[in-house]
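Here is how the chains run, residue by residue.
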Amino acid sequence: GPKMPRRDQEFVYPKYCRLMLILFKPWRSVSDLKQKEQSWTDSFEKFRRTCDEKIISILNNMQILHECKDSRDD
């Protein structure tokens with residue numbers, strides 16, 4: 001299947017933001033994830049400032065996994 005997007009690649013960062021909101025922010029409709037005029041990136045950055053430390057830890061661990069795979073492949 002497709003790989004999880006990375007937060008350190010600018011060209012996929014909006015996709016990363018959208019997916020992390022879908023996975024970690026409680027929602028029932030898209031409007032729970034972001035406002036109509038708001039970008040996925042802005043909504044995610046706002047969420048990150050207010051979410052639980054456990055979620056931040058999970059997000060950081062996901063990034064570390066990508067970096068470990070990069071080091072393995074070098």
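As shown above, the structure is provided for reference.
Parameters at a glance
- Residues numbered from 1 in each chain as written.
- Predicted model: local features only at pLDDT ≥ 70, side-chain atom pairs only at ≥ 80, totals over all residues.
- Heavy atoms only, no water.
- Helix = DSSP H or I, 4+ residues; strand = E, 2+ residues; numbered from the N terminus.
- Polar contact = N/O pair within 3.5 Å; in protein donor to acceptor, adjacent residues only side chain to side chain.
- Salt bridge = Lys/Arg side-chain N within 4 Å of Asp/Glu carboxyl O.
- Buried < 20%, exposed > 50% of the residue type's maximum accessible area, 1.4 Å probe, protein only.
- Arc of directions from axis to C-beta.
- Core = buried A, V, L, I, M, F, W, Y, C linked by side-chain atoms within 4.5 Å.
- Contact = heavy atoms within 4.5 Å.
- Phe/Tyr/Trp six-rings, centres within 6.5 Å; stacked < 30°, edge-to-face > 60°.

Caption draft 1: Examining the side chain of R6 more closely. Assignment of secondary structure puts R6 in the segment before α1 (13-24). A polar contact of 2.8 Å, which involves the side chain of R6, links it to the side chain of D8.

Caption draft 2: Representation of the pattern of salt bridges within the structure. One pass over the full model with this rule turns up 1 salt bridge. The salt bridge partner of D8 is R6, with a shortest N-O separation of 2.8 Å. The class of D8 is partly exposed, set by a relative accessible area of 43%.

Caption draft 3: Fine view of helix α3 (residues 40-50). Every buried residue belonging to α3 is among S43, F44 and F47, and all of these are buried. Buried residues of α3, viewed axially, fall in a sector of 95°; they line one side. Residues of α3 that are exposed and angled more than 90 degrees away from the buried face: K46 and R49.

Caption draft 4: Here's a closer look at the nonpolar core. Core analysis: the biggest nonpolar cluster contains 12 residues, these being Y13, Y16, C17, M20, L21, L33, F44, F47, C51, I55, I56 and L59. Those elements that provide at least two residues to this core are α1, α3 and α4 (53-73). By residue number, the principal contributor to this core is α1, which donates 5 residues. Once residues lying within four places of it in the same chain are set aside, the contact partners of L33 are L21, I22, K25, W27, W40 and S43.

Caption draft 5: Structural context of the packing of aromatic side chains. The final tally for this structure, using the stated rule, is 2 aromatic pairs. For the pair Y13 and Y16, a centre-to-centre distance of 5.7 Å together with 25° between the ring planes defines the contact as stacked. Remark: Y16 and Y13 occur in helix α1; sequence separation between them is 3 residues, near one turn of the helix. Residue Y16 is classed as buried on the basis of its relative accessible area of 4%. Between Y16 and F44 the ring centres are 5.5 Å apart and the planes differ by 80°, which places this aromatic pair in the edge-to-face class.

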